[in-house]
Amino acid sequence: MNLYFNYLLILFKSQMQYRTSFWLLTAGQFLVPFSLFAGLYFLFERFGQIRGWDFFEVALCFAVIHMAFAVSECFARGFDTFSSLVRTGDFDRLLVRPRSTFLQVLGSKFEFTRFGRLFQSIIVLVWALSSLSIEWSVIKVMTLFLMVVSGVFIFTGIFMLAATLCFWTIQGLEVVNIFTDGGREMAQYPLNIYQKWVTRFFTFVIPFGTVNYLPLMYLLGKSEGNELLYMLTPAAGIVFILPCLLVWNLGVRHYRSTGS
Amino acid sequence: MIAVEGLSKSFKVAKRSTGLRQATKALFFREHTTVNALNDLSFSINPGEIVGYIGPNGAGKSTTIKVMSGILVPDRGTCTIMGYTPWKDRVAYVKNIGVVFGQRSQLWWDVPVIDSFELLRDIYKVPDKEYKANLDLLIETLELSTFIKLPVRQLSLGQRMRCEIAASLLHSPKILFLDEPTIGLDAVSKIAVRKFIKTINLEKDVTIILTTHDMFDIEALADRVLLIGKGKLLYDGRLNELRSRFGSHKTITVDYRVMEKPIAISGAELLSWTPERCVMSVDTGKVTVSEVITQLSNQVDLLDVAIEARPIEEIIVQLYKEYQI
Amino acid sequence: MRMMKPYFSVLKLRLLHGMQYRSAALAGVATQFFWGFMYIMIFEAFYDQALHNPPMSLKELITYLWLQQSFLAFIMLWFRDNELFDLITTGNIAYELCRPCGIYGYWYAKLLAQRLASALLRCFPILLVAFLLPQPYRMTLPPDALTFLYFCAALILGLLLLTAISMFIYISVFVTLSPTGSLLVFGVFGEFFAGLVIPLPLMPPWLQEMTYLLPFRLTADFPFRVYSGHIPHNEALAGIVFQLLWLAALVLLGRLALTKALTKVVVQGG
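Residues numbered from 1 in each chain as written. Chains lettered and ligands numbered in written order. Predicted model: local features only at pLDDT ≥ 70, side-chain atom pairs only at ≥ 80, totals over all residues.

The name given to chain C in an unreviewed UniProt entry is ABC-2 type transport system permease protein, with Evansella caseinilytica as the source organism.

Named according to an unreviewed UniProt entry, chain A is ABC-2 type transport system permease protein originating from Evansella caseinilytica.

Below you can see the structure in the form of structure tokens.
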């Protein structure tokens, strides 16, 4: 943990060397989800609701997913841009150091400019929460927090899977966007607006449903049955990282046997 | 200290084709070829040695280094280094080695060198006292003090390479792998780097394995040479033996007034010829130098004669030729 | 024709380059399908319980979305050419000045070729499958042959127009020196006003009026709605005239801006 903090420090120092570019990009990152959010707003202005969800409920969902995405892009950026590490051969360098590859890749890059995106999402979150009438309790606050954390773990897991793919091929990685950018875009609406098979896939295979749908129902008082179960679903999202770690280690083993 | 036995490793490489038609075809089929990067390689290295590991491009040098530093897992064979199998106990093993890839940097580009050193200290969990002692020694012997507070991107290549080597010695490794440590350096930096490598070998008793294309590196540092070609070990022995084996050739450069056409002398190979000057390589086992000069002076008016021993570079070229690699 | 030769070689090179990476093309197609389905499902959900009749039918919208995915390379502003960016940021632009063709023309051809090559490799499989999909996801044919002709003209002019717009991204890098920054700003605004986030007819009226004043919608929204017949023939013709006018204006402006940026570089370079 101490080492991780030191990685953070050294990369922060690096980025601060290019201050103008840093602020420009942070501002840009603030704008990107803004246009998406504007689109969302205009659609609700015309249609009023989407399968029974109103604007502020969806805005809450949007905010949670974008916060999770911003945080994971900031901290797990090393996995997100892993192909360059493999292409330049710098991954070899990590292998001759006595630490786990996971920690070293995680520490190879931080994208602090993503705070712009995080900031925008927080504004949306505050707006949505202040307009929704939720009966708050400690458990609900915890659930909301867990939703974001769970989202971070899922996105990080997907970044890791994508990075693992680089060990086999660094072509065609575009397809991974389906799960990163696509997952984010998709999960900014509650999952049940989609066809059944999509909902199932994104609940049981890639568990976005445990971030933005099941706990959201509980939060908004739409859930039926055991509330505790709903509340705990984000924990399932966190578990998603375990198979990803396993696959990652398989990938590293493959790399070490082929050297490609 | 290092024992390598029957190491083999092959890679699959996809064929790339050119032209629109071939490219279209490659959309559906792709051919692979298998390359044997290492082919039953065996050698051993004793503590405290400096070994020069040479061979043409693609001979398998970096593959060997990658296997020995725990990056790659070989197909067959064993490798025992200080009691470890590199690819099995990676984390425990790599604490004992240092690796410098001459073409890549291990320092963080935008921060002062000393910050990189401190991060490496944390990565290798070097105790503070040991770190301090090592750092002081390195700063002194490599003369880093003037630029250690500068970001890496502002350093010259020579300064950077000194920092790279220092960075891989902070955790007091017992073995140091140097992959082309002098590539791209100017003459002064090359000599400084060589001197330093020699120093740590003597003072800290670090075993060094060095790959390079610069034969002067080998001449200055290595008392033992391993020559590898097409994945096989072709020569293992002293540099001096190599020299005496191939050093029987002398190069003679002769200037003269006019020579109508090249003169053939048995035992001497003509390397270049103009009506004013010729260069020949003389095999002193077959004909003496004075004999050659006598024969020449009988036929033309000599102006100047220069005799040189064959440079090490040429010996290596000859060696590569002989082994057809 | 001889003048065009270097431009054709650029196109051929790009096509070859693109074909080398078959998995990249396949991955692109798969990705576009995913996005297509996702957008359709979202709009389907919105349309499901709509109180009033929306100004664009779901069928028209679905065709709009598939066209958008098929011709992504024709309409996306964030298509980046790192070579050009590097030329500008590193100052190696000086070498480019030695080439026998004008820089504006050469860069324009290069960017155009890139988009063409990428679209040629990707649009056919997407279109083919989109026509074979089960309802309601199936893409429809244009109502008549004339509409299709109008669509082709509008699409090609739209591509030319978009390339002209994207030239401004590269020119702006002379000032900002941050390719990602320039790309981000142009991308966010340009794509929103081109109707890529939500189609134009679904925007509130005040925003539509604003969008009609800008050239961006002529690159994507306009040709796609011509195809489905949502824009009638007489309006389509007017739109094509607008495209031509904008194209002329933007190319002219771009040339001027580039010349100005270049003289500055030369002055700086001493």
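### Thoughts on the overall build of chain A
For chain A, the helix and strand inventory stands at 15 helices and 2 strands. The globule rule puts the C-alpha radius of gyration for 260 residues at 18 Å, and the 19 Å found for chain A is close to it. Of all intrachain contacts in chain A linking residues separated by at least 6 positions in sequence, the fraction that spans at least 24 positions is 78%. (Helix = DSSP H or I, 4+ residues; strand = E, 2+ residues; numbered from the N terminus. Rg over C-alpha atoms; globule rule 2.2 N^0.38 Å. Contact = placed C-beta atoms within 7 Å.)

### Thoughts on the overall build of chain C
Counting its secondary structure elements, chain C contains 12 helices and 0 strands. Going from the N terminus to the C terminus, chain C shows its helices and strands as α-α-α-α-α-α-α-α-α-α-α-α. Rg of the C-alpha trace for chain C: 20 Å, near the compact-globule value of 18 Å for 270 residues, within the 12% margin. Dimensions along the principal axes, computed over C-alpha positions, put chain C at roughly 65 × 45 × 35 Å. The buried share of chain C, taken over its 270 residues, is 41%. Excluding contacts between residues fewer than 6 apart, the proportion of contacts in chain C whose partners are at least 24 apart in sequence is 81%. (Buried ≥ 20, exposed ≤ 12 C-beta atoms within 10 Å, placed from the backbone.)

### Observations regarding the pairing of strand β10 (residues 249-256) of chain B
All names here are of chain B. The pairing of β10 with strand β12 (residues 277-283) spans 7 bridges and is classified as antiparallel. Note that in β12 the partner of Thr 253 across the bridge is Val 279. Bridge analysis of β10 against strand β13 (residues 302-309) gives 7 bridges, and the strand direction is antiparallel. Bridged to Val 254 within β13 is Val 305. (Pairing = 2+ DSSP bridges.)

### Some points on the sheet that holds strand β6 (residues 175-179) of chain B
Residue and element names in this part refer to chain B. A sheet is described by the order of its strands in space; here 6 strands give the open sequence β5-β6-β7-β3-β8-β9, paired in mixed fashion. Each end of this open sheet is capped by a strand with a single partner; those strands are β5 (97-101) and β9 (232-238). The mean inter-strand angle of the sheet, taken between neighbouring strand axes irrespective of direction, is 15°. As paired strands, strand β3 (residues 50-54) and strand β8 (residues 224-229) are joined by 4 bridges and run parallel to one another. Residue Tyr 53 lies in a different strand from β8, and its bridge partner there is Leu 226. (Axes fitted to C-alpha atoms, helices over the stretch in contact; angles between N-to-C directions.)

### Considerations on the sheet that holds β13(B)
Residue and element names in this part refer to chain B. A sheet is described by the order of its strands in space; here 4 strands give the open sequence β11-β12-β10-β13, paired in antiparallel fashion. Edge strands, defined here as strands with exactly one partner in the open sheet, are β11 (268-273) and β13. The average undirected angle you get between the axes of adjacent strands in this sheet is 20°.

### A closer look at the packing of helix α1 (residues 2-16) of chain A against helix α4 (residues 113-124) of chain B
Each pair of packed helices can be summarised by the angle the axes make with each other and by the distance between the axes. At a minimum axis separation of 10 Å, α1(A) and α4(B) run at an interaxial angle of 165°. The angle between the axes of α1(A) and α4(B) places the two elements in the roughly antiparallel class. The chirality of how α1(A) crosses α4(B) is left-handed. Facing α1(A), whose interface residues are Asn2(A), Leu3(A), Asn6(A), Ile10(A) and Lys13(A), α4(B) presents Asp115(B), Leu119(B), Asp122(B) and Ile123(B). Split into classes, the residues belonging to the contact of α1(A) with α4(B) amount to 4 nonpolar, 2 polar and 3 charged. (Parallel < 35°, antiparallel > 145°, perpendicular 65-115°, else oblique. Left-handed = near helix turned anticlockwise from the far one by under 90°. Nonpolar A, V, L, I, M, F, W, Y, C, P; charged D, E, K, R; others polar.)

### As for the interface of chain A and chain C
Where the parts come together, the accessible area they lose is often given as the size of the interface. Between chain A and chain C, the residue contacts involve 34 residues of the former and 32 residues of the latter. Among the elements that line the side of chain A that touches chain C, the one with the most residues is helix α2 (residues 19-47) of chain A, at 14 residues. Looking at the side of chain A that touches chain C residue by residue, the classes come out as 17 nonpolar, 12 polar and 5 charged.

### Some thoughts on the interface of chain B and chain A
Listed by partner, the interface residues are 24 residues for chain B and 20 residues for chain A. Looking at the side of chain B that touches chain A, the elements with two or more residues in it are α3 (90-94), β5 and α4 of chain B. Per-element accounting of the side of chain B that touches chain A gives the leading share, 5 residues, to α4(B). Taken together, the residues of the side of chain B that touches chain A sort by class into 14 nonpolar, 3 polar and 7 charged.

### Considerations on the UniProt feature "transmembrane region" (unreviewed entry) in chain C
Residues and elements named next belong to chain C. According to UniProt, the "transmembrane region" (unreviewed entry) feature falls on residues 21-41, 61-79, 119-136, 148-171, 183-202 and 236-258. As annotated, residues 148-171 has a helix share of 100% and a strand share of 0%, and its two end C-alpha atoms lie 35 Å apart. For the annotated span residues 183-202, helix accounts for 55% and strand for 0% of the residues, and the straight-line distance between the end C-alpha atoms is 26 Å. (UniProt positions renumbered as here; feature names shortened; annotations may be inferred.)

### Concerning α4(B)
With 12 residues, α4(B) should reach 16 Å at 1.5 Å per residue; the first-to-last C-alpha distance of 17 Å fits that figure. Inspection of α4(B) places Val113(B), Asp115(B), Ser116(B), Phe117(B), Leu119(B), Leu120(B), Arg121(B) and Ile123(B) among the buried residues, and these make up the whole buried set. Taken together, the buried residues of α4(B) touch α1 of chain A together with α5 (128-142) and α6 (157-167) of chain B. After α4(B) finishes, the residue Lys125(B) shows a positive phi value of roughly 50°. (Expected span 1.5 Å × (residues − 1).)

### Quick notes on the UniProt feature "transmembrane region" (unreviewed entry) in chain A
Residue and element names in this part refer to chain A. As annotated by UniProt and renumbered to match this structure, "transmembrane region" (unreviewed entry) occupies residues 20-43, 55-79, 118-138, 145-170, 201-221 and 228-250. As a span, residues 145-170 carries 81% helix and 0% strand, and end to end its C-alpha atoms are 35 Å apart. When the span residues 228-250 is considered, its composition is 96% helix and 0% strand, and the gap between its end C-alpha atoms is 36 Å.

### Section: α2(A)
Residues spaced three or four apart along an α-helix face the same direction, because each turn holds 3.6 residues. Residues and elements named next belong to chain A. Along its 29 residues, α2 runs 43 Å from first to last C-alpha, staying within 8% of the 42 Å computed at 1.5 Å per residue. What α2 keeps buried is the set Leu 24, Leu 25, Gly 28, Gln 29, Pro 33, Phe 37, Leu 40, Leu 43 and Phe 47. Residue Gly 48 follows α2 closely and has a positive phi angle near 85°.

### A word on unusual backbone geometry
The omega torsion of the bond from Gln135(C) to Pro136(C) falls at 0°, within 30 degrees of zero and hence cis. Here Pro136(C) shows up in the loop between α7 (103-132) and α8 (145-176). Of note in the backbone geometry, Asp40(B) takes a positive phi value of approximately 55° without being a glycine. If you trace the backbone, Asp40(B) turns up in strand β2 (residues 32-45). One non-glycine residue, Glu143(B), lies in positive phi territory at about 55°. If you trace the backbone, Glu143(B) turns up in the loop between α5 and α6. On the basis of neighbour count, Glu143(B) is assigned to the partly exposed category, with 13 C-beta atoms found within 10 Å.

### Focus on the packing of α7(C) against α8(C)
Residues and elements named next belong to chain C. Here α7 crosses α8 at 120°, and the two axes come no closer than 10 Å. In terms of their interaxial angle, α7 and α8 are classed as oblique. Crossing hand, α7 versus α8: right-handed. From α7, Trp 107, Tyr 108, Leu 111, Leu 112 and Arg 115 reach across to α8, where they touch Leu 159, Thr 163, Ser 166, Met 167 and Tyr 170.

### Description of the environment of Val29(C)
Residues and elements named next belong to chain C. Turning to its location among the elements, Val 29 is positioned in helix α2 (residues 22-48). When the C-alpha atoms of Val 29 and Leu 65 are compared, they prove to be 14 Å apart, with 36 residues separating the residues in sequence. Discounting residues that sit within four places of it in the chain, Val 29 has contacts with Arg 122, Pro 125 and Ile 126.

### A few points about the nonpolar core
Grouped together as the largest cluster of nonpolar side chains are 217 residues, with contacts concentrated most on Phe62(A), Val64(A), Ala68(A), Phe177(B), Leu210(B), Ile75(C) and Leu161(C). With 16 residues, α8(C) is the single largest residue contributor to this core. Apart from the residues lying within four places of it in its own chain, the contact partners of Val64(A) are Met147(A), Val148(A), Gly151(A), Val211(A) and Asn212(A). Listed in part, the 7 residues of the second largest apolar core include Val254(B), Ala268(B), Cys278(B) and Met280(B). (Core = buried A, V, L, I, M, F, W, Y, C linked by C-beta atoms within 7 Å.)

### Quick look at the environment of Val247(A)
All names here are of chain A. With respect to the helices and strands, Val 247 occurs in helix α15 (residues 241-258). Along the chain, Val 247 and Thr 258 lie 11 residues apart, while their C-alpha atoms are 16 Å from each other. Leave out the neighbours within four places in its chain, and Val 247 touches Leu 161 and Thr 164.

### Points about the confidence of the model for chain C
Looking at chain C as a whole, its pLDDT mean stands at 85, while 92% of the residues score no less than 70. Confidence estimates for the predicted assembly give a pTM of 0.84 and an ipTM of 0.87. (pLDDT = per-residue confidence, 0-100.)

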